[in-house]
Amino acid sequence: MARLNPWRWVVLGLAALYFLVPLASSVIFTVDVPGQGVTFDAYTQIVSTDGFVSSLLLSLELALATIAIVLLLMVPAMVALRLGAPRLRPVVEVICQLPLVVPPIAFVAGISTVLKWGPDHLSRTPLFQTFVAIQNPSFPFVLVMAYVVMALPFVHRALDAGLRAMDVRTLVEAARSCGASWPQALLRTVLPNLRGALLNAAFLTLALVLGEFTVAQLLGFQPFAVWIYSVGGSQAQLSVAVSVLSLLVTWALLLALAGVGGRTRTASSRG
């Protein structure tokens, strides 16, 4: 029987305290009302609060659109790099990591400059309507474009790890030799083996969109994270309750993703 390292338990205990103590303090703050004792009114009022449902649905819609676009861009590009242009991999990796270097303030300042520049110079062209459409408050597509750029580092890392674990060239050549076209080879041979990497990329993108605040706030839109901030100015307990609930939902999604990934690996190993 392997001997347990006591330092491992010390590190795990310190990590648990680091994460659980702030969470427990937040929960206590939301349920302990001075003069009333323990009450869960802050949690029961979440759904009925003005703006909760609309902001959450907006964030989920933005997340789904971002996931779809970034995967449609990155999956074919990463597979093409593996098959035909391996020397360009360092270049693509550097480009995909640039969003980590550029501060969000500078990023949104550039977006604001472009959005202000467009109507001034394109007011007499059909592109003017495009600038208006992408800033529609009901679905600001400009946020989707910004989130696609911000998600590139995480999606690139997840897909790169998945592609490193498989022989893409052999799979594609086998599919092509059986008469499959390039799209069929990608859909029927590569994507099923990338299921875990795709789930990881989708979850990271979802977490990014749900928690992003700076870009949406400075551009004047109100997805879920901005709504939490706006509510916190007048209803502190409600704001913290929503934050705790969103954190628990994120953890639940992470556990579900881990379970799906584990079942996928088990099924593939049995096959």
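Rules and cut-offs
The residue numbering used here restarts from 1 in each chain and proceeds along that chain's sequence as written. Only residues with pLDDT of at least 70 get local features here, since the model is predicted, and only at 80 or more are side-chain atom pairs given and counted; chain-wide, interface and lining totals rely on the full set of residues. As a rule here, side-chain values cover all heavy atoms of the structure and leave hydrogens and water aside. Only DSSP runs of H or I reaching four residues or more are called helices, and only runs of E reaching two or more are called strands; each is numbered from the N terminus. Here the term buried applies to any residue with accessible area under 20% of the maximum for its type, exposed to any over 50%, and partly exposed to those in between, with areas from a 1.4 Å probe on protein chains only. Whether two residues are in contact is decided by their heavy atoms, any of which lying within 4.5 Å being enough. Here an axis means a line fitted to C-alpha atoms, over the contact stretch when the element is a helix, while the angle between two N-to-C directions is reported on a 0 to 180 degree scale. When describing relative orientation, an angle under 35 degrees is termed roughly parallel and one over 145 degrees roughly antiparallel, while 65 to 115 degrees is termed roughly perpendicular and anything else oblique. Crossing handedness is defined as follows: a turn of the near helix away from the far one that is anticlockwise and smaller than a right angle gives a left-handed crossing, while the clockwise case is right-handed. Grouping buried Ala, Val, Leu, Ile, Met, Phe, Trp, Tyr and Cys residues that are joined through side-chain atoms within 4.5 Å yields what is termed a nonpolar core. Each pair of aromatic rings taken from Phe, Tyr and Trp, with Trp reduced to its six-membered ring, is defined by centres within 6.5 Å and is described as stacked if the planes are under 30 degrees apart, edge-to-face if over 60, and tilted in the remaining cases. Here the expected span of a helix is defined as 1.5 Å times the quantity of residues minus one. Patches here are clusters of residues that have more than 30% relative accessible area and form no salt bridge, with a 9 Å joining cutoff for like charges and a 5 Å cutoff for nonpolar side chains (Val, Leu, Ile, Met, Phe, Trp, Tyr). Reported accessibility uses the Shrake-Rupley method at a 1.4 Å probe radius. Residues are deemed covered only where the shown protein chains occlude them. Within this document, salt bridges are pairs made up of a side-chain nitrogen of Lys or Arg and a carboxyl oxygen of Asp or Glu, the two lying within 4 Å of each other. You can read pLDDT as the predictor saying how much it trusts each residue, on a scale of 0 to 100.

So, the overall build of the chain
Counting its regular elements, the chain contains 13 helices and two strands. In terms of overall dimensions, the chain has C-alpha extents of about 75 × 75 × 30 Å along its principal axes. Here the chain holds 271 residues, and the buried ones make up 34% of them. Expressed as a percentage of contacts within the chain between residues at least 6 apart in sequence, the contacts between residues at least 24 apart total 75%.

Regarding the packing of helix α3 (residues 52-83) against helix α10 (residues 195-211)
The relative placement of two packed helices is expressed as an angle between their axes plus a distance between the axes. Here α3 crosses α10 at 140°, and the two axes come no closer than 9 Å. When the interaxial angle is binned, α3 and α10 end up oblique. The chirality of how α3 crosses α10 is right-handed. Contact residues: Ser59, Leu60, Leu62, Ala63, Thr66, Ile67, Val70, Leu71 and Val75 in α3; Leu198, Ala201, Ala202, Thr205, Leu206, Val209 and Leu210 in α10.

Quick notes on the nonpolar core
Soluble globular proteins: nonpolar side chains tend toward being buried together. Core analysis: the biggest nonpolar cluster contains 52 residues, and Leu71, Met74, Leu143, Val155, Leu159, Val168 and Leu219 have the highest contact counts within it. Every element with two or more residues in this core is listed here: α3, α5 (104-122), α7 (141-164), α8 (168-177), α9 (182-193), α10 and α11 (214-219). Those residues within four positions of Val155 in sequence are excluded, and the remaining contacts are Val70, Leu71, Met74, Ala201 and Thr205. Formed by 10 residues, the second largest nonpolar core is a distinct cluster that contains Ile46, Phe52, Trp227 and Leu238.

Examining the packing of aromatic side chains
Counted under the stated rule, the structure contains five aromatic pairs. With 5.3 Å between their ring centres and 90° between their planes, Tyr18 and Phe19 make a pair best called edge-to-face. Across the pair, exposure class does not vary: Tyr18 and Phe19 are exposed alike. Members of the aromatic cluster, connected to one another through ring pairs, are Phe52, Phe224 and Trp227.

Topic: the side chain of Gln97
Structurally, Gln97 is set in helix α4 (residues 89-101). Among residues more than four places away in sequence, those in contact with Gln97 are Pro153, His156 and Arg157.

Overview of α9
With 12 residues, α9 should cover 16 Å at 1.5 Å per step; its first-to-last C-alpha distance of 16 Å lies within 8% of that length. If you follow the buried residues of α9, they end up packed against α3 and α8.

Looking at a nonpolar patch on the surface
A contiguous nonpolar surface patch, about 620 Å² in accessible area, is contributed by Tyr18, Phe19, Leu20, Leu247, Leu248 and Trp251. Elements that contribute at least two residues to the nonpolar patch include exactly α1 (6-31) and α13 (236-270). Inspection of the secondary structure assignment puts Leu248 in helix α13. Residue class for Leu248 comes out partly exposed when judged on its relative accessible area of 41%.

What to know about the confidence of the model for the chain
In the predicted model, the chain carries a mean pLDDT of 82, and 92% of its residues have values of at least 70. At the low end of the mean pLDDT range in the chain sits α13, at 70; at the high end sits α7, at 92.

Points about the pattern of salt bridges
Using the criterion set out here, one finds three salt bridges in the structure. A salt bridge links Asp160 to Arg82; the shortest N-O distance between them is 3.5 Å. Placement of Asp160 in helix α7 and of Arg82 in helix α3 is noted, with a sequence separation of 78 residues between them. The exposure class assigned to Asp160 is buried, which follows from its relative accessible area of 10%. The shortest N-O distance in the salt bridge between Glu93 and Arg157 comes to 3.1 Å. Of this pair, Glu93 sits in helix α4 while Arg157 sits in helix α7, and the two are 64 residues apart along the sequence. Taken together, the shared-partner salt bridges connect Arg82, Asp160 and Arg164 into one network.

Side note on the environment of Ala236
Mapped onto the elements of the fold, Ala236 is located in helix α13. Once the C-alpha coordinates of Ala236 and Pro192 are considered, the two residues, 44 residues apart in sequence, prove to be 45 Å apart.

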